[in-house]
Amino acid sequence: MAGQAARRGGAMRPPSSSMRAALARSPAASFLLAAAAAAAVVGGLYFWVVVSSFRLPDSGAAGCRPDGEGSWSVGMFYGSSPLELRPIELEGRSNGNSSAWPVANPVLTCATPTEAGYPSNFVADPFLYVEGDTLFLFFETKTITSMQGDIGVARSFDKGATWEFLGIALDEAWHLSYPFVFKYENEIYMMPEGNKKKELRLYRATKFPLEWTLEKVLVNKPLIDASLVQFEGYWWLFASDFTRYGTEKNAELEIWYSNSPLGPWTEHKQNPIYKSDKSLGARNGGRLFIFEGSLYRPGQDCSGTYGRKVKLYRVEKLTKEEYKEVPVKLGIEEPKKGRNAWNGMRYHHMDAQQLASGGWIAVMDGDRVPSGDSTRRSLFGYIGFLLAIALVVFVGFVKGAISCYIPPSFWVPLTRRTELSRILPGHRFNQKVRRYSTNIGRYFSSTKTRLNEKTWSNMLFFWAVALIGIVNVCIAVHFLCSGNGAEEAYTYKGQHSQFTMVTMTYEARLWNLKLFVEHYSRCESVREIVVVWNKGNPPSSDAFDSTVPVRIRVEEINSLNNRFRVDPLIKTRAVFELDDDIMMTCSDLEKGFRVWREHPEWMVGFYPRMIDGNPLQYRNERYARGKRGYNLILTGAAFMDSEFAFKKYWSEEAREGRDYVHKNFNCEDLLMNFLYANASSSRTVEYVHPAWAIDTSKLSSVAISRNTQKHYDIRTNCLAKFSSIYGPLPQKWEFGMREDHWDK
């Protein structure tokens, strides 16, 4: 029919409705639909199980959004010297009103101004102004209304442990950052960076700290990150010219000098001091300071990414004609937790000042995202989706082409054969094309035979293609929906804190312990891992790949009671007891820690149980789900107050229960629940649902409770014993009572 239509000079008709229906029922269409559906389902499941567990709630209706410039925040450091500074969490500063034992960095984030009504995406470039016992912190805040930097200010009455956001100190029609604040002749001045105005401006406080007026323009040049210092009879201005291009960007430094910070300013004869390598720290990284008679300058190492880290230089010569500086050790430990640390990817600014007491205090900003990371992740995400779509389209095209019969007349219409047509060039060309199209048709036919989807090899091929497409969808979902890829800590009342992990093991489970330490040491809020070693030759702390200290506590006797032994070396109020064979995400741990900080008098854990019946029966989580509630939390994965819980467990009233635990080598977690319930007439436990958890001991022969029924029988006997000594457990608490639904 198609050939007759072509010979009559008519065009090929489009497929009829019946033909379209037949195509829709073809194996190619079915495969495409199945692949698309599978990709959608698996991509959605991947998002729910993996990605969604990493996502944090926004601090408000606006603010703290993903930003191409990063997610900068501010931390506090202390020391007897500016060359030896320790983060606030190592100082043991606590705040009972915010459940921070101890307070941990960062102490100021985008959530602070956002929750005060000034939505911000990040805070950076911190500068301190010290007024007696009160600290004022000026910083750049990226407003989401104008998407430019303004100068915010916060206040602290406890040496930086907690901060109150006061408002926006300076807001211009152009971007502002680097708010260098100083005092001169009883006046307070601010010299912010505003290079888009192409001038370096000086502002004076008319009503400190929120009202400022323009005092004068110091230099008619787009200088950035300008810092002042008085040294050896002159005021010196260090800054960079931001009009540079190429390799000189962030690699240029100029010096100016004057008899007064108000000017006039004269250029140094060696300007520019630096003009070549971004890794040298040419661009200023904070306030210059004097220590033991020497001048020090913080600079930014911008190699690889903008603001990668702070470098410190000691100035050996500074005159009107000469300048020389040498690098020295910064004295702040490098972050080891990567994206899971608040400053794990980069830190580019420091302001260190000496207090009246003689000690030193410093603020530093940090980011968990490299410069341009959001752009890179978006690019990878969209590429993943495009590859998945292209793969499905390609397979569909090939299958459709193979499944369809393409007659030779499709390529070239047949013409009536005459003596004249045989000698015309057009006829000869037509014959060649028909010959080629016939060969192509034969190739399609043979390929169709080889790719018969009913054979096992070809079914395997198509499913492999579908799997590749699904993997691309998962990659796309991960990069587009999982933020910056970090498993971040949650704040409570605007503050961060830390906890100690305690696990109990012995020599046969050493391989398991190494996986445990390597994984959990990367979680942001973990300060230390304490290994309770019950049996065998203990390993050294150096045997573990850890980003936090690992302490091996060797016990004299092999007893489950050792898990809760009073340990005066633990420096945090929060302890997370976790069996060494349980693996879960850092994000789940952070959720549990956040929930525990709301009620530190409770135990908060990840394995619920409902204990009821007469006599009491020990059952699994499925039973608790069926009863729609729980009244017990297994301490094999639970947060608790180390001081209260451990002392309670080793009290005289718990002696009989401890003896029973030691005899049966079981039930120490049940005893802790009964002791908590005995100490309070109100609620004592709360459940948090983990995204996923894996029991790695099932992969070996060293699981403690491999015989489940025997294990449950022993625990049922424990319930009868403990209830007779300490009284009943409380009534059940329903799942899903929290507004955030973390307990469903």
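Residues numbered from 1 in each chain as written. Predicted model: local features only at pLDDT ≥ 70, side-chain atom pairs only at ≥ 80, totals over all residues. Heavy atoms only, no water.

Chemist: Can you lay out the sheet that holds strand 18 (residues 294–301) for me, pointing to particular residues and giving the numbers?
Modeler: Taken together, the four strands give an open sheet; going across it, the order is 17-18-19-20, and neighbouring strands pair in antiparallel fashion. Strands at the two margins of the open sheet, each flanked by one partner only, are strand 17 (289–291) and strand 20 (323–328). Neighbour-to-neighbour, the strand axes of this sheet turn through a mean angle of 40 degrees, independent of strand direction. Where strand 19 (residues 309–318) lies against strand 20, six bridges are found, and the strand directions are antiparallel. By the bridge assignment, Val315 is partnered in strand 20 with Glu325. (Pairing = 2+ DSSP bridges. Helix = DSSP H or I, 4+ residues; strand = E, 2+ residues; numbered from the N terminus. Axes fitted to C-alpha atoms, helices over the stretch in contact; angles between N-to-C directions.)

Chemist: Hey, could you go over the environment of Met501 for me, with residue numbers and the actual values?
Modeler: Here Met501 is to be found in strand 24 (residues 499–505). Apart from residues lying up to four places away in sequence, Met501 is in contact with Phe516, Tyr520, Val526, Glu528, Ile529, Val530, Phe576, Leu578 and Leu589. (Contact = heavy atoms within 4.5 Å.)

Chemist: Describe the pairing of strand 33 (residues 637–641), naming the residues involved and giving the relevant values.
Modeler: Most of strand 33 is tucked away, with five of its five residues classed as buried. Of the two faces of strand 33, both are covered, the one formed by Ala637, Phe639 and Asp641 as well as the one formed by Ala638 and Met640. Note that strand 27 (residues 574–578) and strand 33 share five bridges and pair antiparallel. Each bridged residue has a counterpart across the sheet, and for Phe576 the counterpart in strand 33 is Phe639. Two strands pair when backbone bridges link them, and strand 29 (residues 603–605) and strand 33 are joined in this way by two bridges, in the antiparallel orientation. (Buried < 20%, exposed > 50% of the residue type's maximum accessible area, 1.4 Å probe, protein only.)

Chemist: Kindly report on the pattern of salt bridges, identifying the contributing residues and their values.
Modeler: Scanning all chains against the criterion turns up 44 salt bridges. Between Lys221 and Glu254 there is a salt bridge whose closest N-O contact spans 3.1 Å. Of this pair, Lys221 sits in the loop between strand 11 (211–219) and strand 12 (223–231) while Glu254 sits in strand 14 (residues 252–258), and the two are 33 residues apart along the sequence. Among the residues examined, Lys221 registers a relative accessible area of 19% and is labelled buried. The class of Glu254 is buried, set by a relative accessible area of 2%. (Salt bridge = Lys/Arg side-chain N within 4 Å of Asp/Glu carboxyl O.)

Chemist: Go over the side chain of Asp743 with me, naming the residues and quoting the values.
Modeler: Inspection of the secondary structure assignment puts Asp743 in the segment after strand 36 (733–734). Of the buried charged residues, Asp743 lacks a salt bridge, with Arg738 as the closest side chain of opposite charge at 5.2 Å. At a separation of 2.9 Å, a polar atom in the side chain of Asp743 contacts the main-chain amide nitrogen of Met737. A polar atom in the side chain of Asp743 sits 3.2 Å from the backbone nitrogen of Arg738. Apart from residues lying up to four places away in sequence, Asp743 is in contact with Tyr687, His689, Glu734, Phe735, Gly736, Met737 and Arg738. (Lys, Arg positive; Asp, Glu negative; His and termini not counted. Polar contact = N/O pair within 3.5 Å; in protein donor to acceptor, adjacent residues only side chain to side chain.)

Chemist: Hey, could you go over the state of the cysteines for me, with residue numbers and the actual values?
Modeler: Covalent bonding between the sulfur atoms of two cysteines is what defines a disulfide. Within the structure shown, the criterion is met by three disulfides. Paired by a disulfide, Cys64 and Cys110 hold their sulfur atoms 2.1 Å apart. Taking the torsion about the S-S bond as the criterion, the Cys64 to Cys110 disulfide, at about 120 degrees, is right-handed. You can see Cys64 sitting in the loop between helix 3 (27–51) and strand 1 (73–81) and its partner Cys110 sitting in the loop between strand 3 (103–104) and helix 4 (111–115), a full 46 residues away along the chain. (Disulfide = S-S within 2.5 Å.)

Chemist: I'd like a rundown of the packing of aromatic side chains, residues and numbers included.
Modeler: Per the counting criterion, the structure on display carries 40 aromatic pairs. Note on Phe138 and Trp212: the rings are 5.9 Å apart at their centroids and 85 degrees apart in plane angle, and the pair reads as edge-to-face. Note that Phe138 is positioned in strand 5 (residues 134–143) and Trp212 in strand 11, a separation of 74 residues in sequence. The same class applies to Phe138 as to Trp212, namely buried. Linked through ring pairs, Trp101, Phe499, Phe576, Phe593, Trp596, Phe606 and Phe639 together constitute an aromatic cluster. Just above the ring of Phe593 sits the side chain of Arg597; from NZ or CZ to the centre is 5.5 Å. A cation over an aromatic ring shows up here: Arg625 above the ring of Phe735, its NZ or CZ 4.1 Å from the ring centre. (Phe/Tyr/Trp six-rings, centres within 6.5 Å; stacked < 30°, edge-to-face > 60°. Lys NZ or Arg CZ within 6 Å of the ring centre and 35° of its normal.)

Chemist: Break down the packing of helix 13 (residues 642–649) against helix 15 (residues 668–679) for me, citing the residues and quoting the values.
Modeler: Between helix 13 and helix 15, whose axes approach to 10 Å, the crossing angle comes to 105 degrees. Judged by the angle between their axes, helix 13 and helix 15 are roughly perpendicular. Between helix 13, through Phe644, Ala645, Lys648 and Tyr649, and helix 15, the contact on the second element is made entirely by Glu668, Leu671, Met672, Leu675, Tyr676 and Ala679. The class makeup of the residues in the contact of helix 13 with helix 15 is eight nonpolar, no polar and two charged. (Parallel < 35°, antiparallel > 145°, perpendicular 65-115°, else oblique. Nonpolar A, V, L, I, M, F, W, Y, C, P; charged D, E, K, R; others polar.)

Chemist: Just give me the short version of helix 16 (residues 708–726), but keep the residues and values in it.
Modeler: In this model, helix 16 (19 residues) spans 26 Å end to end at C-alpha, consistent with the 27 Å of a helix rising 1.5 Å per residue. When helix 16 is considered as a whole, its buried residues turn out to be His711, Tyr712, Arg715, Thr716, Cys718, Leu719, Phe722 and Tyr726. Down the axis of helix 16, the sector holding all buried residues measures 165 degrees, keeping them to one side. More than 90 degrees from the buried face of helix 16, the exposed residues found are Gln709, Lys710 and Ser724. A positive backbone phi angle near 90 degrees is found at Gly727, which sits one or two residues after helix 16. (Expected span 1.5 Å × (residues − 1). Arc of directions from axis to C-beta.)

Chemist: How would you sum up the sheet that holds strand 29? Please name residues and give values.
Modeler: Either a parallel or an antiparallel arrangement is found when strands of a sheet pair, and the pairing is made through backbone hydrogen bonds. If you trace the seven strands from one edge of the open sheet to the other, you get 26-25-24-27-33-29-34, paired in mixed fashion. A strand with exactly one partner marks an edge of an open sheet, and here the two such strands are strand 26 (550–554) and strand 34 (685–687). Sheet twist, expressed as the mean angle between neighbouring strand axes with direction ignored, is 25 degrees. Against the sheet, helix 11 (residues 586–598) makes contact with strand 24, strand 27, strand 29, strand 33 and strand 34, and its axis sits at roughly 30 degrees relative to strand 33, the strand it touches most.

Chemist: Break down the environment of Trp742 for me, citing the residues and quoting the values.
Modeler: With respect to the element layout, Trp742 can be found in the segment after strand 36. Note on Trp742: relative accessible area 13%, which makes it buried. Each residue touching Trp742, except ones within four places of it in the same chain, is listed here: Tyr490, Lys591, Arg594, Val595, Tyr687, Val688 and His689.

Chemist: Which residues make up the confidence of the model for the protein, and what values do they have?
Modeler: Summing up the model confidence of the protein, the mean pLDDT is 86 and the portion of residues at 70 or higher is 82%. Below a pLDDT of 50 lies the segment residues 1–16, which in the model reaches eight contacts outside its immediate sequence neighbourhood of four places, other chains included. Confidence drops under a pLDDT of 50 for residues 18–25, and excluding neighbours within four residues, the segment shows four contacts in the predicted structure. (pLDDT = per-residue confidence, 0-100.)

Chemist: Before we move on, can you summarise the nonpolar core with the specific residues and values?
Modeler: Ranked by internal contacts, the top residues of the largest apolar core, which has 42 residues, are Met640, Leu670, Met672 and Phe722. In terms of residue count, helix 15 provides more of this core than any other element does, seven residues in total. (Core = buried A, V, L, I, M, F, W, Y, C linked by side-chain atoms within 4.5 Å.)

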